[in-house]
Amino acid sequence: VKFIGGFGWGSEQFQRPTDICAANGLDVFVSDYENNRIERYDRDLNWITSYRNDENLPDNLQYAFPNSVAISIHGDLFIVTEENKRILKINTMREPEFSFGDFDWGQGSLSERAQVFTSKKDKIYVTDQKAGSIFVYDYYGTFLFAFGNNVLGSPGGICLDQNELIYVTDLDKHKIVIFDASGHAVVEYGSFGDKFGAFNSPSDVAVFQNKIYVTDMDNHRVQVF
């Protein structure tokens, strides 16, 4: 239908785009990892602006190498940063507001590259590949609970459907796991391979209406269920 991209530093170029979010139906946000920015486009992929780190801000409001981005129902952005290993909230004025989940956080401290998803009930879900877990925070960054560490190997993409079921891709075990709102695994499917229904490093998942879309990274395809 339409595309943008190509290697570079311009307004319609990327250097390792790692995540995309279009949950509000109006904007498309892309975490441009190596260019150290969040790119914003309209729904027709016309460039609007770039959000970059401000080195004049306090350390806890800075970010480097954004790995994932999500927009809440209130219009705030939540960014997972690789170098700082934390989540940064950016308000609707696009000003950094606070961060959470970094190394001195205790419970809920992130340890490795992750993805973020914000639910309609104002919960923040973050996958942690090294911990093999999903961390759940409230809207103010307070750690609530973690789940999945006895089921998942290396969780990647995450999303929730309208029934608050939680879909997670597992890059190491090459499968999709579905959890209920309490964090109990209710369904899992998939295995390693290149046949239909099999995966080779499934990296992300999205649910729309009655279909599940999975990016099957090393098979270079998107599978629809």
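For the structure itself, consult the block above.
Peer 1: Any chance you could explain the overall build of the chain here in plain terms?
Peer 2: Within the chain, the regular secondary structure consists of zero helices and 19 strands. For 225 residues, the compact-globule estimate of 2.2 N^0.38 gives 17 Å, and the chain sits close to it at 17 Å. Every one of the 225 residues in the chain was classed for burial, and the buried ones make up 51%. With an accessible surface of roughly 11200 Å², the chain has 51% of that area assigned to carbon and sulfur atoms. Computed over 20 positive and 32 negative side-chain charges, the inter-centroid distance for the chain is 5 Å.

Peer 1: What am I meant to see in the pairing of strand 16 (residues 185-189) here?
Peer 2: The two faces of a sheet get side chains in turn, since along a regular strand they alternate between them. Alignment of strand 15 (residues 175-179) against strand 16, held across four bridges, turns out to be antiparallel. Its bridge partner being in strand 16, F179 is matched across the sheet by A185.

Peer 1: What is the right way to look at the sheet that holds strand 6 (residues 77-81) in this model?
Peer 2: Whether parallel or antiparallel, the strands of a sheet pair through hydrogen bonds between backbone atoms. If you trace the four strands from one edge of the open sheet to the other, you get 5-6-7-8, paired in antiparallel fashion. In the strand order of this sheet, the two ends are held by strand 5 (66-71) and strand 8 (96-100), each with one partner. Averaged over all neighbouring strand pairs, the angle between strand axes comes to 20°, with direction disregarded. As defined by bridge partners, strand 5 adjoins strand 6 across five bridges and the pair is classed as antiparallel. Bridge assignment links V69 to a residue of strand 6, and that residue is I79.

Peer 1: I keep staring at the pattern of salt bridges and nothing clicks. Help me out?
Peer 2: Two side chains with opposite charge may pair up if their charged atoms get near one another. Evaluated as defined, the whole model comprises nine salt bridges. Between E39 and R37 there is a salt bridge, with its nearest N and O atoms 3.5 Å apart. An identical accessibility class is assigned to E39 and R37; each is buried. One salt bridge in this structure joins D76 and K89, with 3.8 Å as the shortest N-O distance.

Peer 1: Where do I start with the packing of aromatic side chains in this structure?
Peer 2: The relative placement of two aromatic rings is captured by the distance of their centres and the angle of their planes. Counting across every chain of the model gives 14 aromatic pairs. With 6.4 Å between their ring centres and 85° between their planes, Y139 and Y140 make a pair best called edge-to-face. Overall, the relative accessible area of 64% leaves Y140 in the exposed class. Members of the aromatic cluster, joined through ring pairs, are F78, F98, F100, F135, Y137, Y139, Y140 and F143.

Peer 1: Looking at this structure, how should I read the sheet that holds strand 13 (residues 155-160)?
Peer 2: Taken together, the four strands give an open sheet; going across it, the order is 13-14-15-16, and neighbouring strands pair in antiparallel fashion. Here the strands that pair on one side only, and so sit at the sheet edges, are strand 13 and strand 16. Recorded for the sheet is a direction-independent mean angle of 20° between the axes of neighbouring strands.

Peer 1: It is not clear to me how a nonpolar patch on the surface should be interpreted in this structure. Could you clarify?
Peer 2: A cluster of nonpolar side chains, contributed by F208, Y213, V222 and V224, occupies part of the molecular surface with about 380 Å² of accessible area. Mapping F208 onto the fold places it in strand 17 (residues 202-208).

Peer 1: I tried to follow the environment of G197 on my own but got confused; where do I start?
Peer 2: Position of G197 relative to the elements: it lies in the loop between strand 16 and strand 17. Between the alpha carbons of G197 and F225 there is a distance of 8.4 Å; along the sequence they are 28 residues apart.

Peer 1: What am I meant to see in the environment of R37 here?
Peer 2: If you trace the backbone, R37 turns up in strand 3 (residues 37-42). The spatial distance from the C-alpha of R37 to the C-alpha of N210 is 33 Å, given a sequence separation of 173 residues. Once residues lying within four places of it in the same chain are set aside, the contact partners of R37 are G8, W9, G10, Q13, V30, S31, D32, S50, Y51, R52, Y63 and P66. For R37, the side chain forms a polar contact with the side chain of E39, separated by 3.5 Å.

Peer 1: Got a minute to help me understand the pairing of strand 19 (residues 221-224) in this structure?
Peer 2: For strand 18 (residues 211-216) and strand 19, the ladder comprises four bridges, and the chain directions are antiparallel. Following the sheet pairing, T215 is matched in strand 19 by V222.

Basis of the calculations
Residues numbered from 1 in each chain as written. Predicted model: local features only at pLDDT ≥ 70, side-chain atom pairs only at ≥ 80, totals over all residues. Heavy atoms only, no water. Helix = DSSP H or I, 4+ residues; strand = E, 2+ residues; numbered from the N terminus. Rg over C-alpha atoms; globule rule 2.2 N^0.38 Å. Buried < 20%, exposed > 50% of the residue type's maximum accessible area, 1.4 Å probe, protein only. Areas by Shrake-Rupley, 256 points an atom, 1.4 Å probe, with all protein chains shown as cover. Lys, Arg positive; Asp, Glu negative; His and termini not counted. Charge placed at Lys NZ, Arg CZ, Asp CG, Glu CD. Pairing = 2+ DSSP bridges. Axes fitted to C-alpha atoms, helices over the stretch in contact; angles between N-to-C directions. Salt bridge = Lys/Arg side-chain N within 4 Å of Asp/Glu carboxyl O. Phe/Tyr/Trp six-rings, centres within 6.5 Å; stacked < 30°, edge-to-face > 60°. Patch = residues over 30% accessible without salt bridge, like charges linked within 9 Å, V, L, I, M, F, W, Y side chains within 5 Å. Contact = heavy atoms within 4.5 Å. Polar contact = N/O pair within 3.5 Å; in protein donor to acceptor, adjacent residues only side chain to side chain.

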